[in-house]
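Each chain, letter by letter, is given below.
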Amino acid sequence: MCLAIPGKIIVTVEEDGVRMGRVQFGGISRLVSLDLVPEAEPGDFVLVHVGYAISRLDTEEAERTYRLLEEIGLLEAQGLDVQKSSSAE
Amino acid sequence: MSKRTDTIELSCPVPLPAREKILLGHGSGGRLTAELIRDIFLPAFRNPALERLDDQAIVNISGLRLAVTTDSFVVNPLFFPGGDIGSLAVHGTVNDLAMGGAQPLYLSAAFILEEGLSMETLRRVVDSLRRAAADAGIEVVTGDTKVVEKGKGDGLFINTTGIGVVPHGVSLSSDQARPDDAILLSGPLGDHGIAILAQREGLEFESEIRSDSAPLHRMVAALLAEAPAVRCMRDPTRGGLSSALNEIAAQSGVGLELDECVIPVSEAVKSACELLGLDPHYVANEGKLVAIVAPEAAEKALAALRSHPLGQEAQIIGRVTASHKGLVVLRTVLGTTRIVDMLSGDQLPRIC
Amino acid sequence: MKYIDEYRDPQVARGIAAQIARCVTQSWVLMEICGGQTHTLVRYGIDELLPPQIRLVHGPGCPVCVTPLETIDKAIALAGHSDVTLVSYGDMLRVPGSRTDLFHAKADGADVRVVYSPLAALRIAARQPERKVVFFAIGFETTAPAHALTVQQAARERLLNFSLLASHVLVPPAIRVLLESPRNRVQGFIAPGHVCTVMGWREYEVLAKDFRVPMVVGGFEPADLLEAIRMLVVQLEEGRAEVENQYVRSVDRFGNLTAQRAMQEVFEVCDRKWRGIGLIPQSGLRLRREFAAFDAENIFALEDVAVQEPPECISAEVLQGLKAPTECPAFATRCTPEKPLGAPMVSSEGACAAYYLYRRHDVLCAK
């Protein structure tokens, strides 16, 4: 439930009194309502659900926590390599 | 009723079996379509050529093997990035013939026009059909025109019949896949289906995605010349890759195993699918083929596809197996496995 | 796609899974609440990566599955009016009501249209002032703010032919009901990341404290769910029962205040029946009286009809996480996506459909 996808605001426009953003998701872009994230600006990443941005992504937190996960993944893979090579000897 | 260009085309994935009505899902190329064929059409028209249920029928006339196919084109919108109903009619028919290894020769084109359709629209479609046929090297030799009352058609429908000749030594059929055969896909999935969806206002996103609608017969000829040990080919149109592969699995009585990491999908199609909650394995293609090839010929077949402009991104995406007969199984990017099942009807965008 | 692809990295996923395997010392039963999380778990075969001591059960986090039969029947009834255009998300169209579904209604001539966004429904209303455009507004707290804004925009633009058939449900009251049940075996919850994006996680602190059950707010990609599971297992192994946040890139404790304000302006809390569970007090949202002009329940004087599920369908037990879809004798035999007996087999987020689409071969191999 609650399919929401992160995208980057390229530019903001006003349409019928609604603050909209052209948001880029990978290879496509869509006009999205920004009324629920008044603090969001071009360059920000937002989470989009049914054509509305529902939050602004905390990209610093994302990067910091992801680096930790990446480390774990790397260590684990290396550990397995060590296991493999030691069992081959 | 007014034209519905501002919403997602409705399609029905689930029937209630007690109902006795045709639903949109019956046209989706998935399970419902298969049931309709099995329950209504096959019993009425039993004969060996039909019962093969390939994209085309192959009949023998005094030693000449003729491939015959018929197709109807009901696409909405009529014009989309990368094509229109006219060029689609040519490509779709040519490809059905080509999947049987046939050289396409002649086309018939019957038009069903809605009262009130603009003459300009008809001219554009016919011109596009003309150019596509010329480009594919085939002739439109006969046709028909009917007009229906306003409100009874989506502007314009085209029905075609295609005729081609199958060269000696070429024998392709969806029941010929064997364990260890390689599964080849000629290029990225989903371009056509997403290009169509992008045109519909309900979804309204800007993209670089164009329909991949294209005639495949020349690439097929190149493939068969280089690697004759092709068991069968299907073009993954309605119902996507999933339908085509599930049909082969069922007809050949084998299992198929796919590797998600190597199945090509463009960035734009991937993004559109993420946004709408769609799975690219079920999205329609109009310029791609799936080929089952003997293992020793797989690399040659891949090279043959890649040397053709329409097959430059071809990949070997999996293997045929003797396990889990009738099922298509995917090894996910995480290395786990799941089934790629046939959908009942079309996929719908979801919010959940 | 940034902030998605990296959370599908196989090395990262296996790394987290290995950590879980190392820290687990006994069996634990965990529940993910959101259907989107169920979808990811099954679509990526994540249970294959988890140690056998971890058992995942799927919760009622699928608004499609839990929308009451009566509401589906109301939508179908409305669609049958010749001057009504019923606009809906794709999810709802396949759900069987007591006699039929919206697709069959369309085959019978009803004007039913599918959209991705409620903004498209507003545009239909603006362009066709002669039609009564009813938007079938279902969802959890994630979607309610968008619906609130839609109603406010309709009011601003005086689109008097536009109305909502609203059927929202709230997650925390449902979790309370699950935890209060004597049959509950769930020991830890993955809280719904997008619901919490809107609402924050304060409501879950109360639940964690009242029932001594740990909760971790989780995202929707494989790495998110594996990490959320790891955080839950650590808490359980350490005997803690707190609310933690895995989905830090989108969720904070207080949520989106702008969104919450919009919801409060347009909706008020009410009792709500959940299909498969029953009436849960104060678990739904309805339009406030000021917006009666946009409330389809008010405009069309719809009546409640008492309805019953087919007796074979065990969706009630599946929705409450008491049974897995594969434990249902009708699963994949008498109950399939083509001939569903209950809602969880219909919704693409429903536990039964997810199992059917992705995992059936385990069942078939076992039989």
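All of these numbers come straight from a predicted model, not from anything done at the bench.

### Description of the overall build of chain A
Move 1: When its secondary structure is counted, chain A shows one helix and five strands.
Move 2: Secondary structure elements of chain A occur, N-terminal to C-terminal, as β-β-β-β-β-α.

### Here's the deal with the domain arrangement of chain B
Residues and elements named next belong to chain B.
Move 1: Splitting chain B by domain gives domain 1 (52–165) and domain 2 (182–339).
Move 2: For domain 1 and domain 2, the distance between their C-alpha centroids amounts to 23 Å.
Move 3: With 21 residues of domain 1 at the interface, the matching set in domain 2 holds 22 residues.
Move 4: Taken together, the elements giving at least two residues each to the side of domain 1 that touches domain 2 come down to helix H3 (85–98) and strand S5 (103–114).
Move 5: Within the side of domain 1 that touches domain 2, the residues separate by chemical class into 12 nonpolar, eight polar and one charged.

### Quick word on the interface of chain A and chain B
Move 1: Taken together, the 11 residues of chain A in the interface contact 17 residues of chain B.
Move 2: When residues in the side of chain A that touches chain B are grouped by element, the largest group, three residues, is from strand S3 (residues 28–33) of chain A.
Move 3: Its residues assigned to classes, the side of chain A that touches chain B shows seven nonpolar, three polar and one charged.

### Focus on the nonpolar core
Move 1: One finds A:Ala53, B:Leu184 and B:Ala301 to be the most contacted residues of the largest nonpolar core, which totals 239 residues.
Move 2: Per-element tally for this core: the top contributor is helix H11 (residues 222–238) of chain C, with nine residues.

### Structural notes on the sheet that holds strand S12 (residues 290–293) of chain B
Residues and elements named next belong to chain B.
Move 1: Spatially, seven strands are ordered S10-S12-S8-S13-S11-S14-S15 in an open sheet, and the strand pairing comes out mixed. Of all the strands in the sheet, just strand S10 (230–234) and strand S15 (337–339) have a single pairing partner and so form its edges. Put simply, the sheet's adjacent strands are angled 25° from each other on average, direction ignored.
Move 2: The pairing of strand S11 (residues 255–259) with strand S14 (residues 328–331) spans four bridges and is classified as parallel. Within S14, the position partnered with Asp259 by the bridge is Arg331.
Move 3: Of the strands in this sheet, strand S8 (182–185), S10, S12 and strand S13 (315–321) are in contact with helix H9 (residues 298–306), which crosses S8 at around 5°.

Definitions and limits used
- Residues numbered from 1 in each chain as written.
- Chains lettered and ligands numbered in written order.
- Predicted model: local features only at pLDDT ≥ 70, side-chain atom pairs only at ≥ 80, totals over all residues.
- Helix = DSSP H or I, 4+ residues; strand = E, 2+ residues; numbered from the N terminus.
- Domains from an automatic or database assignment.
- Contact = placed C-beta atoms within 7 Å.
- Nonpolar A, V, L, I, M, F, W, Y, C, P; charged D, E, K, R; others polar.
- Core = buried A, V, L, I, M, F, W, Y, C linked by C-beta atoms within 7 Å.
- Buried ≥ 20, exposed ≤ 12 C-beta atoms within 10 Å, placed from the backbone.
- Pairing = 2+ DSSP bridges.
- Axes fitted to C-alpha atoms, helices over the stretch in contact; angles between N-to-C directions.

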